[in-house]
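# Fold and geometry: a report
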There are 2 protein chains.
Amino acid sequence: MSTLSRREKSKCPISYSLDLFGDKWTLLVLRDVILHGKTRFAEFQSSDEKIASNILSDRLRRLGEQGFIAIEKDPSDARQKIYSVTKKGLSLTPVLLEIAAWGASHDGQTGELPHTVERSDSVCSSITNALR
Amino acid sequence: MSTLSRREKSKCPISYSLDLFGDKWTLLVLRDVILHGKTRFAEFQSSDEKIASNILSDRLRRLGEQGFIAIEKDPSDARQKIYSVTKKGLSLTPVLLEIAAWGASHDGQTGELPHTVERSDSVCSSITNALR
DNA sequence: TTTTTAACTTGCAATTTGAAAGTAATATCA
DNA sequence: TGATATTACTTTCAAATTGCAAGTTAAAAA
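Residues numbered from 1 in each chain as written. Chains lettered and ligands numbered in written order. Predicted model: local features only at pLDDT ≥ 70, side-chain atom pairs only at ≥ 80, totals over all residues. Heavy atoms only, no water.

Core analysis: the biggest nonpolar cluster contains 55 residues, and Ile14, Leu30 and Ile34 of chain A together with Ile14, Leu30 and Ile34 of chain B have the highest contact counts within it. Contact partners of Leu30 of chain A, with chain neighbours within four places excluded, come to Leu35, Leu63, Phe68, Leu92 and Leu96 of chain A. (Core = buried A, V, L, I, M, F, W, Y, C linked by side-chain atoms within 4.5 Å. Buried < 20%, exposed > 50% of the residue type's maximum accessible area, 1.4 Å probe, protein only. Contact = heavy atoms within 4.5 Å.)

Spelled out as structure tokens, the structure:
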């Protein structure tokens, strides 16, 4: 590949990533679906950060369009949708954990890292589901 | 520590982190100061993403207030300021690299990862400076 | 002394967010 | 069966943030 075509092609991978999830809400929704195994609209709404329903709706739709999560109808209740993480979504786990590790070591409020325990179980089931 | 006080204290470390750098511009500025060793206002302005000067000004000030970067006067040119990464700022390197790695492996445009080479040199000098 | 440069700051339109209320399609209860 | 509740949105609108262009101030260079 020539130097020129490489220069044209290459955009910063950090910038590329941030275009997809470089805002607060997207990563929090991904946290909930990956680390906490949430699957329903109301579950995402109930997290501590209190995301507004219009923003949540928008982010779930985008994450679905971009392939980070799968959106299905609940066969046993037609009002509900089931959100689940895909392989692509799971590939963001290292990013999330790195951010969590940084936050935990700099917060001073986080104490005994309550998410550490919670995490391992939920991640395991997220992985099991995504790879099925 | 009681269960109650722990529950009151513990906020999600991911949420904590995102409150500090959960937007596109903050991490791009940190990328430039950590991975590309930029030190001047004009250098940050010249990156591909073309950050507006008011936003850049705001982000540099915040990063300074939060201790991620140090801001000094240039002794040899009183018009200029010198921005440099601190130890605290450097502690975000793993987060940045994880995001970069994800972007590189999912972009399809990034080609031969031109930042890999560039990175190692700049990171080394960032580290050297921050720890001095 | 005039021109340039560096780092902002300001003004303003456009976009995004956030809070609250509304809606449509079910599902559940009496 | 009819009334009520639930779920996942959508809408409305004010407030905050962003993005662009132009202006400002102090200091350096010509």
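Throughout the structure, instances matching the rule amount to 22 salt bridges over all chains. Between Asp58 of chain A and Arg62 of chain A there is a salt bridge, with its nearest N and O atoms 3.2 Å apart. One end of the pair, Asp58 of chain A, and the other, Arg62 of chain A, are both in helix H5 (residues 53-65), four residues apart, so they sit about a helical turn from each other. Here Asp74 of chain B and Arg40 of chain B are joined by a salt bridge, their closest N and O atoms 2.7 Å apart. Residue Asp74 of chain B is located in the loop between strand E1 (69-73) and strand E2 (81-85), and its partner Arg40 of chain B is located in the loop between helix H3 (24-34) and helix H4 (41-45); the two are separated by 34 residues in the primary sequence. The exposure class of Arg40 of chain B is partly exposed, given its relative accessible area of 24%. (Salt bridge = Lys/Arg side-chain N within 4 Å of Asp/Glu carboxyl O. Helix = DSSP H or I, 4+ residues; strand = E, 2+ residues; numbered from the N terminus.)

Quick look at the protein's contact with DNA strand C now. Around DNA strand C sit 18 residues, and of these Trp25 and Ala78 of chain A together with Ser53, Arg79 and Tyr83 of chain B come closest. Within 4 Å of the protein, the atoms of DNA strand C are drawn from sugar and phosphate moieties in a proportion of 68%. At 2.8 Å, a side-chain N or O of Asn54 of chain A approaches a base nitrogen of DNA strand C. One of the side-chain N or O atoms of Ser53 of chain B is found 2.7 Å from a base oxygen in DNA strand C. Elements with a contribution of two residues or more to the surface near DNA strand C: H5 of chain A together with H4, helix H5 (53-65) and E2 of chain B. The element that contributes the greatest number of residues to the surface near DNA strand C is H5 of chain A, accounting for four residues. Taken together, the residues of the surface near DNA strand C sort by class into six nonpolar, six polar and six charged. (Near = heavy atom within 4 Å. Polar contact = N/O pair within 3.5 Å; in protein donor to acceptor, adjacent residues only side chain to side chain. Nonpolar A, V, L, I, M, F, W, Y, C, P; charged D, E, K, R; others polar.)

Following both chains from N to C, one finds helix H2 (residues 13-21) of chain A and H3 of chain B inclined at 170°, their axes separated by 10 Å at the closest point. Accordingly, the angle class assigned to the pair H2 of chain A and H3 of chain B is roughly antiparallel. Of the residues in H3 of chain B, those in contact with Ile14, Ser15, Leu18 and Asp19 of chain A of H2 of chain A are Lys24, Leu27, Leu28 and Arg31 of chain B. Looking at side-chain class alone, the contact of H2 of chain A with H3 of chain B contains four nonpolar, one polar and three charged residues. (Axes fitted to C-alpha atoms, helices over the stretch in contact; angles between N-to-C directions. Parallel < 35°, antiparallel > 145°, perpendicular 65-115°, else oblique.)

What follows is about the side chain of Asp32 of chain B. Structurally, the position occupied by Asp32 of chain B is in helix H3. Setting aside anything within four residues of it in sequence, one finds Asp32 of chain B in contact with Gly37, Lys38, Phe44 and Ser47 of chain B.

Around DNA strand D lies a shell of 18 residues, among which Ser53, Arg79 and Tyr83 of chain A together with Trp25 and Asn54 of chain B are the nearest. Among all atoms of DNA strand D positioned within 4 Å of the protein, those belonging to sugar or phosphate total 65%. At 2.8 Å, a side-chain N or O of Asn54 of chain B approaches a base nitrogen of DNA strand D. Between Arg59 of chain B and DNA strand D, the recorded distance is 3.0 Å, taken from a side-chain N or O atom to a phosphate oxygen. For the surface near DNA strand D, the secondary structure elements donating two or more residues are helix H4 (41-45), H5 and strand E2 (81-85) of chain A together with H5 of chain B. It is H5 of chain B that contributes the most residues to the surface near DNA strand D, four residues altogether. Partitioning the surface near DNA strand D into residue classes produces six nonpolar, six polar and six charged.

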